[in-house]
Every structure is written in structure tokens, then in C-alpha cells.
Amino acid sequence: MTQPKVYAQPNLITPNRPVIIDPEVCTGCNLCVEICPSDVYIPNPQKGKPPIILYPEECWYCGCCLMECPLHDKGANKLNWPLMQRMRWKRKETGEHFRFGMPNPPPPNKRPMV
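What you see is a predicted model; the values in this text were computed from it and never measured.

A. Molecular detail of the packing of aromatic side chains. Under the counting rule described, the total for this entry stands at two aromatic pairs. Here the aromatic rings of Tyr 61 and Trp 81 are separated by 5.3 Å at their centres, their planes lie at 20 degrees, and the arrangement is stacked. Here the residue Tyr 61 occupies a position in the loop between strand 3 (52–53) and helix 2 (64–68), and Trp 81 occupies one in the loop between strand 4 (77–79) and strand 5 (88–90), the gap between them amounting to 20 residues. On the basis of relative accessible area, Tyr 61 is assigned to the buried category, the value being 13%. On the basis of relative accessible area, Trp 81 is assigned to the partly exposed category, the value being 36%.

Right under this line is the structure:
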């Protein structure tokens, strides 16, 4: 008796990419697949390869997969926050807006806390 074939069909392609996985660092342990509460990932059929992000629009950005990953500190994965949720701040004195990760960040504010 032959085993039935099982197919995985991703949702339609969206610009959303909630987690960026570095395939050079990820060992494909699939701990992120097991811990993800919204089942965003499926294991890669090739052993040692990073998991496949099958349903990116269902990600809650909870970070469970990053906390569970033993290679997170080595850069195996990182959250890719939507642009609207990325951290930014404004200097009251000048009215300038700054974003986290910008190329020339402003010097730190050395004014004492009120």
C-alpha cells in the first residue's frame, strides 16, 4: 500500500515577510516550527535547511520562534517588523523625526531626565 501524498500550498504571495532567516546560520532544527502558536512555518523537506514560512500574514510578531531558537544570538533569524510598527522618535527642539536603524543616527540626548 502506498502512502498518500501530502501537499503544502502557501497562501497568495504578499509583501509581508515577518521573519528573516539566515540560511547560512540556521541548522533546520525546527524548534521554531514547533513553538509557533499561529503555525506560520512548516519544516523544510530537506534536512538541515531553514523552515518554510508558509503563512506569513498570520504571524502575530510574538517572537516565540526567536526566543526558542538556539542560534538567534548568532543571527539565525530576526523579526521584520512592518514599517508602521518600527520604532521612531522625534526631537522636540528641532522637530526632526528619526527611525531605528537609520544610517546616520543622531547623537544621544544628554539632557537630564525631568
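B. The arrangement of the side chain of Asn 77 in detail. Within the element layout of this structure, Asn 77 appears in strand 4. Taking the relative accessible area as the measure of exposure, Asn 77 reaches 8% and is therefore buried. Of note is the side chain of Asn 77, whose polar atom sits 2.8 Å from the side chain of His 72. Residues in contact with Asn 77, not counting those within four places in the same chain, are Val 19, Ile 20, Ile 21, Cys 65, Leu 66, Cys 69 and His 72.

C. Seen up close, the nonpolar core. Val 19, Tyr 41 and Cys 65 are the most contacted members of the largest nonpolar core, which has 13 residues in total. Beyond its immediate sequence surroundings of up to four residues, Val 19 is in contact with Tyr 41, Ile 53, Cys 65, Leu 66, Asn 77, Lys 78 and Leu 79.

D. Structural context of a nonpolar patch on the surface. A cluster of nonpolar residues, Met 87, Trp 89 and Phe 100, forms a patch on the protein surface that exposes about 360 Å² of accessible area. Summarising the element assignment, Met 87 is placed in the loop between strand 4 and strand 5. Its relative accessible area of 52% is what places Met 87 among the exposed residues.

E. Just the environment of Leu 79, in detail. Here Leu 79 is to be found in strand 4. The buried category is assigned to Leu 79, whose relative accessible area is 18%. Along the backbone, Leu 79 and Cys 65 are 14 residues apart, and their C-alpha atoms lie at a distance of 9.5 Å. Not counting the four nearest positions on each side in its chain, Leu 79 is found in contact with Pro 18, Val 19, Tyr 61, Gly 63 and Leu 66.

Quick notes on the rules
Residues numbered from 1 in each chain as written. Predicted model: local features only at pLDDT ≥ 70, side-chain atom pairs only at ≥ 80, totals over all residues. Heavy atoms only, no water. Phe/Tyr/Trp six-rings, centres within 6.5 Å; stacked < 30°, edge-to-face > 60°. Helix = DSSP H or I, 4+ residues; strand = E, 2+ residues; numbered from the N terminus. Buried < 20%, exposed > 50% of the residue type's maximum accessible area, 1.4 Å probe, protein only. Polar contact = N/O pair within 3.5 Å; in protein donor to acceptor, adjacent residues only side chain to side chain. Contact = heavy atoms within 4.5 Å. Core = buried A, V, L, I, M, F, W, Y, C linked by side-chain atoms within 4.5 Å. Patch = residues over 30% accessible without salt bridge, like charges linked within 9 Å, V, L, I, M, F, W, Y side chains within 5 Å. Areas by Shrake-Rupley, 256 points an atom, 1.4 Å probe, with all protein chains shown as cover. Salt bridge = Lys/Arg side-chain N within 4 Å of Asp/Glu carboxyl O.

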